[in-house]
Amino acid sequence: MLDITGTYTDQYQLTMGQVYFLKGHSHHTAIFDYFFRKAPFNGGYAIFAGLQNLLETLKDLRFNEKDLAFLKEIGLNAEYLNYLKDFRFSGKVYSVREGEVVFPGEPIIRIEASIIEAQIIETLLLNILNFQTLIATKASRMKEQAKGGKLIDFGLRRAQGPGGYYASRAAIIGGFEATSNTRAGRDFGIPVSGTMAHSFIQSYEDELTAFRDFSESHPDNTVLLVDTYDTLKSGIPNAIKVGKEMKTRGHKLKGIRLDSGDLAYLARKSREMLDNAGLDYVKIAASNQLDEHLIKSLLDQGAPIDIFGVGTSLVTGQPDAALDGVYKLAYFMDEPRIKLSETIAKITLPHKKQVYRMLDEKGDFTGSDVICLFDEENIDWMIHPYDPLKFKSVEGQEKEALLKPVMENGEILSPALDLSEIAKYSNERLKKLPQEYKRFFNPHIYKVGLSRKLKEERDRLIEEHKMK
Ligand SMILES: Nc1ncnc2c1ncn2[C@@H]1O[C@H](COP(=O)(O)OP(=O)(O)OP(=O)(O)O)[C@@H](O)[C@H]1O
Ligand SMILES: O=P(O)(O)OC[C@H]1O[C@H](OP(=O)(O)OP(=O)(O)O)[C@H](O)[C@@H]1O
Ligand SMILES: O=C(O)c1cccnc1
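Residues numbered from 1 in each chain as written. Chains lettered and ligands numbered in written order. Predicted model: local features only at pLDDT ≥ 70, side-chain atom pairs only at ≥ 80, totals over all residues. Heavy atoms only, no water.

J.: Would you mind going over the sheet that holds strand E13 (residues 335-336) with me for this structure?
T.: Backbone hydrogen bonds are what pair the strands of a sheet, in a parallel or an antiparallel way. Strand order across the open sheet formed by seven strands is E13-E12-E1-E5-E3-E19-E20, with antiparallel pairing between neighbours. Sheet topology places E13 and strand E20 (411-412) at the edges, where each strand pairs with a single neighbour. Packed on one face of the sheet, helix H6 (residues 122-146) meets strand E1 (29-35), strand E5 (109-114) and strand E12 (326-332) and runs near 20° to E1. (Pairing = 2+ DSSP bridges. Helix = DSSP H or I, 4+ residues; strand = E, 2+ residues; numbered from the N terminus. Contact = heavy atoms within 4.5 Å. Axes fitted to C-alpha atoms, helices over the stretch in contact; angles between N-to-C directions.)

J.: Sorry, what's going on with the side chain of serine 368 here?
T.: With respect to the secondary-structure elements, serine 368 resides in strand E15 (residues 365-373). Among the polar contacts listed, one links the side chain of serine 368 to the side chain of lysine 392, at a separation of 2.9 Å. (Polar contact = N/O pair within 3.5 Å; in protein donor to acceptor, adjacent residues only side chain to side chain.)

J.: Even after reading the chapter, I still don't get the UniProt feature "domain: Nicotinate/nicotinamide phosphoribosyltransferase" (unreviewed entry) in the protein chain, so can you show me in this structure?
T.: UniProt marks residues 150-320 with the feature "domain: Nicotinate/nicotinamide phosphoribosyltransferase" (unreviewed entry), using the numbering shown here. In this annotation, residues 150-320 is assigned 47% helix and 12% strand; the end-to-end C-alpha distance for the span is 24 Å. (UniProt positions renumbered as here; feature names shortened; annotations may be inferred.)

J.: Sorry if this is basic, but what is going on with the sheet that holds strand E10 (residues 283-286) here?
T.: Pairing in this open sheet of six strands is parallel, and the strands run E7-E6-E11-E10-E9-E8 from one edge to the other. Strands with a single pairing partner mark the edges of an open sheet, and in this sheet they are strand E7 (178-179) and strand E8 (223-225). Sheet topology note: the strand E6 (residues 150-153)/E7 ladder contains two bridges and is parallel. Across the sheet, residue aspartate 153 finds its bridge partner in E7, namely threonine 179.

J.: Got a minute to help me understand the domain arrangement of the protein chain in this structure?
T.: Accessible area lost upon the coming together of the parts serves often as the stated size of an interface. Domain parsing of the protein chain yields domain 1 (11-135 + 320-467) and domain 2 (138-315). A straight line from the C-alpha centre of domain 1 to that of domain 2 covers 39 Å. Contacts between the two partners involve 24 residues from domain 1 and, on the opposite side, 21 residues from domain 2. Between domain 1 and domain 2, the buried area comes to about 1,900 Å², and carbon and sulfur atoms account for 63% of it. For the domain 1 face of the interface with domain 2, the top three residues by lost area are Ile135, Leu419 and Phe440, together amounting to 40%. Viewed at the interface, domain 2 and domain 1 are joined by one salt bridge. (Domains from an automatic or database assignment. Buried area = accessible area lost by both parts, 1.4 Å probe. Salt bridge = Lys/Arg side-chain N within 4 Å of Asp/Glu carboxyl O.)

J.: Would you mind showing me how to read the site of ligand 1 here?
T.: Near ligand 1 you find Ser260, Gly261, Asp262, Leu263, Ala264, Asn288, Gln289, Leu290, Leu294, Ser297, Leu298 and Gln301, and these make up its full shell. Between a nitrogen atom of ligand 1 and a main-chain N or O atom of leucine 263, the distance comes to 2.8 Å. Within the backbone of asparagine 288, a nitrogen or oxygen atom sits 2.6 Å from an oxygen atom of ligand 1. Among the secondary structure elements, those contributing two or more residues to the shell around ligand 1 are helix H12 (263-276) and helix H13 (292-300). Looking at the shell around ligand 1, the element that brings in the most residues is H13, giving three residues. Residues of the shell around ligand 1, tallied by class, amount to five nonpolar, six polar and one charged. (Near = heavy atom within 4 Å. Nonpolar A, V, L, I, M, F, W, Y, C, P; charged D, E, K, R; others polar.)

J.: Got a minute to help me understand the site of ligand 2 in this structure?
T.: Looking at ligand 2, there are 13 residues lining it, with Arg157, Arg257, Asp259, Gln289 and Thr312 nearest. Between ligand 2 and the protein, one listed contact pairs an oxygen atom with a backbone N or O atom of glutamine 289 at 2.8 Å. When ligand 2 is considered free in solution it has 480 Å² of accessible area, and contact with the protein chains removes 82% of it. When grouped by side-chain class, the residues that make up the shell around ligand 2 number four nonpolar, five polar and four charged. (Areas by Shrake-Rupley, 256 points an atom, 1.4 Å probe, with all protein chains shown as cover.)

J.: Just checking my understanding: could you explain the side chain of arginine 257 for this structure?
T.: Locating arginine 257 in the fold gives a position in strand E9 (residues 255-258). Residue arginine 257 is classed as buried on the basis of its relative accessible area of 10%. Within the local environment of arginine 257, its side chain forms a polar contact with the side chain of threonine 195, the two groups lying 2.8 Å apart. In terms of polar contacts, arginine 257 uses its side chain to reach the backbone carbonyl oxygen of methionine 196, at 2.9 Å. Beyond its immediate stretch of four places on either side in the chain, arginine 257 contacts Phe154, Thr195, Met196, Val223, Leu224, Leu225, Val226, Ala285 and Ser287. (Buried < 20%, exposed > 50% of the residue type's maximum accessible area, 1.4 Å probe, protein only.)

J.: I would appreciate a short explanation of the pairing of strand E14 (residues 353-359) in the present structure.
T.: Every other side chain in a regular strand lies on the same face of the sheet, so the side chains alternate between the two faces. Of all seven residues making up E14, seven are buried, and the element is well covered by its neighbours. Of the two faces of E14, the one carrying Lys353, Val355, Arg357 and Leu359 and the one carrying Gln354, Tyr356 and Met358 are both buried. In this sheet, E15 lies alongside E14 in antiparallel orientation, the contact comprising six bridges. Residue pairing across strands places tyrosine 356 opposite valine 370, the latter belonging to E15. Remark: five residues form the turn of the hairpin made by E14 and E15, two consecutive strands paired antiparallel; glycine 363 in that turn has positive phi of roughly 90°. Relative to strand E18 (residues 398-401), E14 is paired through four bridges, and the arrangement is antiparallel. Considered in E18, the bridge of tyrosine 356 is made with alanine 401.

So, in structure tokens, the structure goes:
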């Protein structure tokens, strides 16, 4: 895998860093927020993923000799390179929990560090979090549609290069149960799973012998691919023969996989044939360019599919390709900072902030998150970020702070959670989100608003800058 060192960044972070360093600003504390502006896939939410990888990367981030030699070659200043030689990320990170359900516009991570450190890490932070959050969200959308069906990641071969490695991790956070990606299984403790390829069957003179040999070699883990020649005339009848033979040897055929044709029709027919042969325990897996829409459609058609194998659409985040997550300066040298824009939605939120999620009496989400100053106590109103006529009272409501400290002095504060624990947390949180926000088409818009104080501060700064 690509080793993430100091040069895993955009050149401009390093050139800006040189100016901070040479002008003596580099030690001043800056606060940056990570947030995204639009929920992917026209959905109503995103699943935050990648935090653990980010923290591990920050902890070990160094400029090695190769980095320094290259940076010298591209003309960076010798004294600055000397500083980079001893570079460590020594800042604080506040974050929403990995697996959390998050919404557009709210800070998901707050970085407090010297401006030079905070600047240098921007690109890798966005690179890690935008991708894994996109894929975890895609996975979660499929999980919502699969209605208890098992989802397996088949995507490594279709991924944008090594991105597939982290996609497999993010898929688990979003609700997939296993991966065919053996390296991701090794490194992230993901259950690995798989069936067989057409080439295996083609390499034999006949399908039946291929099925037999496989079942003898993997008696507890045989899923037969039945569409190489003719699913209903050859694949399923041969699978039934092998299933019965396995039974006489005290083993159970685990499943069959459909990979072409009308998957709903073939699943129904296959189920019928397997049940009639006394093999009702054999699972039906399906694959072939599946996504959340096709999974929904197949289940709406009554297809008795137990397992969905998904590759391309999962690991490439089709059709969105990227999450638009950004990293914006909110505070520097004891002053709130703002970025103005002609597009009101692109004006940034100044100050060190906190995000509260409003809860009902059962602890479920009410559909409102409030962004406020980090030490604000009595939050009475939440106001639409761009439409001051839209506001509502949140006084006295139960609320939960989402941004918690996860790194201090560049050290990770808590031991890493197992991926399965992160996935479990994500699933529990998604259950607290009312159904209308998870709706497939035109989901209800979850409200992310500003506290009165934060809004006043933002408006004050806008005014101040306009008067300059
Ligand atoms: N019942 C169904 N309802 C909706 N979509 C389906 C159904 N069955 C299959 N599909 C989807 O339709 C697409 C299948 O396309 P197509 O028929 O071109 O390919 P194929 O079945 O792989 O054919 P081939 O035999 O050439 O391999 C896949 O994305 C598949 O998941
Ligand atoms: O369609 P996706 O969602 O991307 O899922 C992965 C696909 O990859 C495999 O096909 P491939 O033709 O590569 O190999 P095979 O011989 O194993 O079917 C598998 O059979 C799926 O159809
Ligand atoms: O195990 C499988 O069936 C598999 C793995 C990767 C891609 N397609 C299928």
